[in-house]
Each structure stands twice: as C-alpha cells, then as structure tokens.
Amino acid sequence: MPRKLQSWTDAFFQYTEKIGSPPLFRRWCGIFTVAAALERKVWTVNNKGRLYPNLYMFLVGPPGTGKTVALDRASDFFQKLETHHLAPTSLTRASMIDHLEMSKRTPVNPMATPPVTSFHSLTIMANELGTLLPVEGVTVTLNSPAKPTACCCWWTPPRGHCRRPGSCCARRCPRTFR
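None of the values given here were measured: they were computed from a predicted structure.

Draft legend 1. Local environment of the overall build of the chain. What the chain contains, in helices and strands, is 6 helices and 7 strands. For the chain, the succession of helices and strands along the chain, N to C, is α-α-β-β-α-α-β-β-α-β-β-α-β. The buried share of the chain, taken over its 178 residues, is 26%. Nonlocal contacts in the chain, meaning residues at least 24 apart in sequence, comprise 49% of its contacts between residues at least 6 apart. Of the roughly 12,700 Å² of accessible surface on the chain, 57% is carried by carbon and sulfur atoms.

Draft legend 2. Examining the environment of Pro22 more closely. Mapping Pro22 onto the fold places it in the loop between helix H1 (8-15) and helix H2 (23-38). For Pro22, a relative accessible area of 28% puts it in the partly exposed group. C-alpha separation for the pair Pro22 and Lys67, spaced 45 residues apart in sequence, amounts to 8.4 Å. When neighbours within four sequence positions are excluded, Pro22 is seen to be in contact with Thr65 and Gly66.

Draft legend 3. Examining the packing of H2 against helix H3 (residues 67-79) more closely. Between H2 and H3, the shortest axis-to-axis distance is 9 Å and the interhelical angle comes to 30 degrees. Taken as axis vectors, H2 and H3 run roughly parallel relative to one another. Here H2 runs over H3; the crossing is right-handed. Of the residues in H3, those touching H2 at Phe25, Cys29, Thr33, Ala36 and Ala37 are Lys67, Ala70, Leu71, Ala74, Phe77 and Phe78. Residue composition of the contact of H2 with H3, grouped by class: 9 nonpolar, 1 polar and 1 charged.

Draft legend 4. Representation of the layout of surface pockets. If you add up the space inside the second largest pocket, you get close to 180 Å³. Of the residues that constitute the lining of the second largest pocket, the class distribution is 9 nonpolar, 3 polar and 3 charged.

Draft legend 5. Fine view of the nonpolar core. If you look at the biggest cluster of nonpolar residues, it comprises 13 residues, and the most contacted ones within it are Cys29, Met57, Leu59, Leu71 and Met125. Looking at this core, the elements with two or more residues in it are H2 and H3. Setting aside chain neighbours within four positions, we find Met57 in contact with Trp28, Cys29, Phe32 and Leu71.

Conventions we followed
- Residues numbered from 1 in each chain as written.
- Predicted model: local features only at pLDDT ≥ 70, side-chain atom pairs only at ≥ 80, totals over all residues.
- Heavy atoms only, no water.
- Helix = DSSP H or I, 4+ residues; strand = E, 2+ residues; numbered from the N terminus.
- Buried < 20%, exposed > 50% of the residue type's maximum accessible area, 1.4 Å probe, protein only.
- Contact = heavy atoms within 4.5 Å.
- Areas by Shrake-Rupley, 256 points an atom, 1.4 Å probe, with all protein chains shown as cover.
- Axes fitted to C-alpha atoms, helices over the stretch in contact; angles between N-to-C directions.
- Parallel < 35°, antiparallel > 145°, perpendicular 65-115°, else oblique.
- Left-handed = near helix turned anticlockwise from the far one by under 90°.
- Nonpolar A, V, L, I, M, F, W, Y, C, P; charged D, E, K, R; others polar.
- 1 Å grid on protein atoms, 1.4 Å probe; cavity = no way out; pocket = protein on both sides within 12 Å on 5 of 7 lines; lining within 4 Å.
- Points joined across faces, edges and corners; volume = space filled by probe spheres on them.
- Core = buried A, V, L, I, M, F, W, Y, C linked by side-chain atoms within 4.5 Å.

Here is the structure:
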C-alpha cells in the first residue's frame, strides 16, 4: 500500500497551522500522536530482549498559550478509533487504574515469537498535570512565561529552615528544575 503522506508529522503540523498554538506545541503533538498509535506493536531488539518505545510528553507554558488546543487536535484522531484506548481528560488514581485495566490488547502477529502477546496501552492526554498526578509536597510554578520551575521537595532542609513551597527551602532544593 503506497504512502498517502510523505510525513505524517509534517501533515499534522500543517493541519494545525491556524489553531493559535505555538509551532513547538503543534510539532510535539504530532510526534506524540504517532507514538501513541504505535503502542507496543513496534519494538527493537537489544542484548536484553525487546525494547519498546515510550513517549511521555508535557507541554509546559503559561495559561492561554495553546497547550490544550494542540492536545485537542491530537485527541481528535484517537476519538475516531474504536480499538485505541483514550483516557478521560480528568482522572483520579483509582479511575486511571480502572481505565488501564480496561485497555488490555492482544494483537496477533504470526511472524513474531510468540505470535500472540498481551499488553495494556492507555493514551492519557490530561490538560493539567496537577490534576492527573496530585502529589503532596510538589509545587509547580512559573517564574516567567519562558522559565517553568518544578520543585520536588523530598530534600530535607537543614535544621531551622521552613518547608513551605516557594520558601528558601524550595529555592535551595537540589531537585528544583529551572
């Protein structure tokens, strides 16, 4: 079967040209869409066995920059597929486990050994990371539109330091990413 598109990600980039989302967000949503469609049906073999590709994508930016719009365009493709498992945009831990359990796949590939495999593949496109993964002690703030900061305060501060997010401890935390 001949290819219909020279590059799917380039076509997605052009398809989303007028949605008001930055080129970087649109490009990564296209790449993510391809990766999510592959699930565990594609792999390479190394000295330890099969190596499956996984892609975890986070669009980081201030409100109103087009993160959700770009994700919605990628999500549109999965809404039309009956066999692909797309999680709701808002999940609790319990419902995520339930959806992951319901996402069992058992593809048959007569050329593979073994010819039948089972796996669970769930595409999660959450609009807010804090809603998806609420973790006590982790604060995500934006100092400026271009500099996201995530403080993972598992660091034990020296005696006499406070532990409030945004305090001197958060600024000195060795696991703060800027």
